[in-house]
Amino acid sequence: MTFEITSPVFADKTKMPALYTCEGRNISPPLQWTAPPAGTKSLVLINDDPDAPDPAAPKMTWVHWVLYNLPPEAGSLPEAVQDKDLPKGTLIGTNDRQFAGYSGPCPPIGTHRYFFKLYALDTVLPDMGNTTKAEVVKKMEGHILAQTEMIGLYVKKENA
């Protein structure tokens with residue numbers, strides 16, 4: 001079976017509902033995934049936007065959400081998951097809005113791509129405290145057993 005991440009509220013490479021963005025309630029979308037490969041000790045979820053600030057001339061990848069040490073048996077995250085309700089052992093990294101947790105799409109111009117990347121690791125990462133995507137990615141090096149991703153698209157109504 002292929003390791004795959006999906007959402008029941010939008011398909012890969014389709015528009016994300018506004019509910020999950022700055023124009024809605026800015027809550028995390030529900031996500032689900034198939035079983036990771038044998039030997040998986042933890043999962044990492046990274047949600048980022050490589051089209052910032054302008055898809056016609058991107059200058060950076062904007063980080064929206066970093067979760068690490070998700071238990072391999074978790075299988076899903078519910079809509080609007082609160083930090084306190086994350087699966088036991090899950091740790092939260094800092095997004096580019098400088099807080100830990102989910103920060104939904106809010107593109108300043110054009111249609112952006114929002115990648116939800118899920119990594120299966122052969123280890124449990126150390127607690128890195130107030131950490132960033134870059135630090136988590138560095139700690140993952142040499143430990144990735146499998147990865148999968150899905151992409152949500154979004155353009156603000158005022159930019160459409």
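Everything here concerns the structure above.
My aim in this report is to walk through the structure given alongside it, one point at a time. (Residues numbered from 1 in each chain as written. Predicted model: local features only at pLDDT ≥ 70, side-chain atom pairs only at ≥ 80, totals over all residues. Heavy atoms only, no water.)

So, about the overall build of the chain. When its secondary structure is counted, the chain shows 1 helix and 9 strands. When the elements of the chain are put in sequence order from the N terminus, they spell out β-β-β-β-β-β-β-β-α-β. If one aligns the C-alpha atoms of the chain with their principal axes, the spans along those axes are about 45 × 30 × 30 Å. Per-residue burial for the chain yields a buried fraction of 46% across its 160 residues. Pairs at least 24 residues apart make up 72% of the contacts formed inside the chain by residues separated by at least 6 positions. Total accessible area on the chain is roughly 7,700 Å²; 53% of this is exposed by carbon and sulfur atoms. Computing the positive centroid from 15 side-chain charges and the negative centroid from 18, the chain places the two 2 Å apart. (Helix = DSSP H or I, 4+ residues; strand = E, 2+ residues; numbered from the N terminus. Buried < 20%, exposed > 50% of the residue type's maximum accessible area, 1.4 Å probe, protein only. Contact = heavy atoms within 4.5 Å. Areas by Shrake-Rupley, 256 points an atom, 1.4 Å probe, with all protein chains shown as cover. Lys, Arg positive; Asp, Glu negative; His and termini not counted. Charge placed at Lys NZ, Arg CZ, Asp CG, Glu CD.)

Below, the discussion takes up the packing of aromatic side chains. Under the defined criterion, the tally for this structure stands at 2 aromatic pairs. When the centroid spacing of 6.0 Å and the interplanar angle of 50° are considered together, the rings of Phe10 and Phe116 count as tilted. Highlighted residues: Phe10 in the loop between β1 (5–6) and β2 (14–15) and Phe116 in strand β8 (residues 112–121), separated in sequence by 106 residues. Phe116 gets classed as buried once you look at its relative accessible area, which sits at 0%. Where Trp65 meets Tyr102, the ring centres are 5.2 Å apart and the plane angle is 75°; that geometry is what we call edge-to-face. With Trp65 in strand β5 (residues 60–70) and Tyr102 in the loop between β7 (91–92) and β8, this residue pair connects regions lying 37 residues apart in the sequence. No difference in accessibility class separates Trp65 from Tyr102, as the two residues are buried. (Phe/Tyr/Trp six-rings, centres within 6.5 Å; stacked < 30°, edge-to-face > 60°.)

A few words on the state of the cysteines. In this structure the tally under the stated criterion is 1 disulfide. One disulfide bridge connects Cys22 with Cys106, the sulfur atoms lying 2.2 Å from each other. With the S-S dihedral at roughly 80°, the linkage between Cys22 and Cys106 falls on the right-handed side. Of this pair, Cys22 sits in the loop between β2 and β3 (31–33) while Cys106 sits in the loop between β7 and β8, and the two are 84 residues apart along the sequence. Among the residues examined, Cys22 registers a relative accessible area of 32% and is labelled partly exposed. (Disulfide = S-S within 2.5 Å.)

Turning our attention to the pairing of strand β9 (residues 144–154). Side chains on a regular strand alternate between the two faces of the sheet. As defined by bridge partners, β2 adjoins β9 across 2 bridges and the pair is classed as parallel. Considered in β9, the bridge of Thr14 is made with Gly152. (Pairing = 2+ DSSP bridges.)

In this section: unusual backbone geometry. The omega torsion across Ala52 and Pro53 is -5°, close enough to zero to call that bond cis. Considering the arrangement of structural elements, one finds Pro53 in the loop between β4 (42–52) and β5. The backbone of Gln98 shows a phi angle near 70°, a positive value even though the residue is not glycine. You can see Gln98 is positioned in the loop between β7 and β8.

Overall, mixed pairing links the 6 strands, which are arranged β2-β9-β8-β4-β5-β7 in an open sheet. The open sheet is flanked by β2 and β7, the only strands paired with a single partner.

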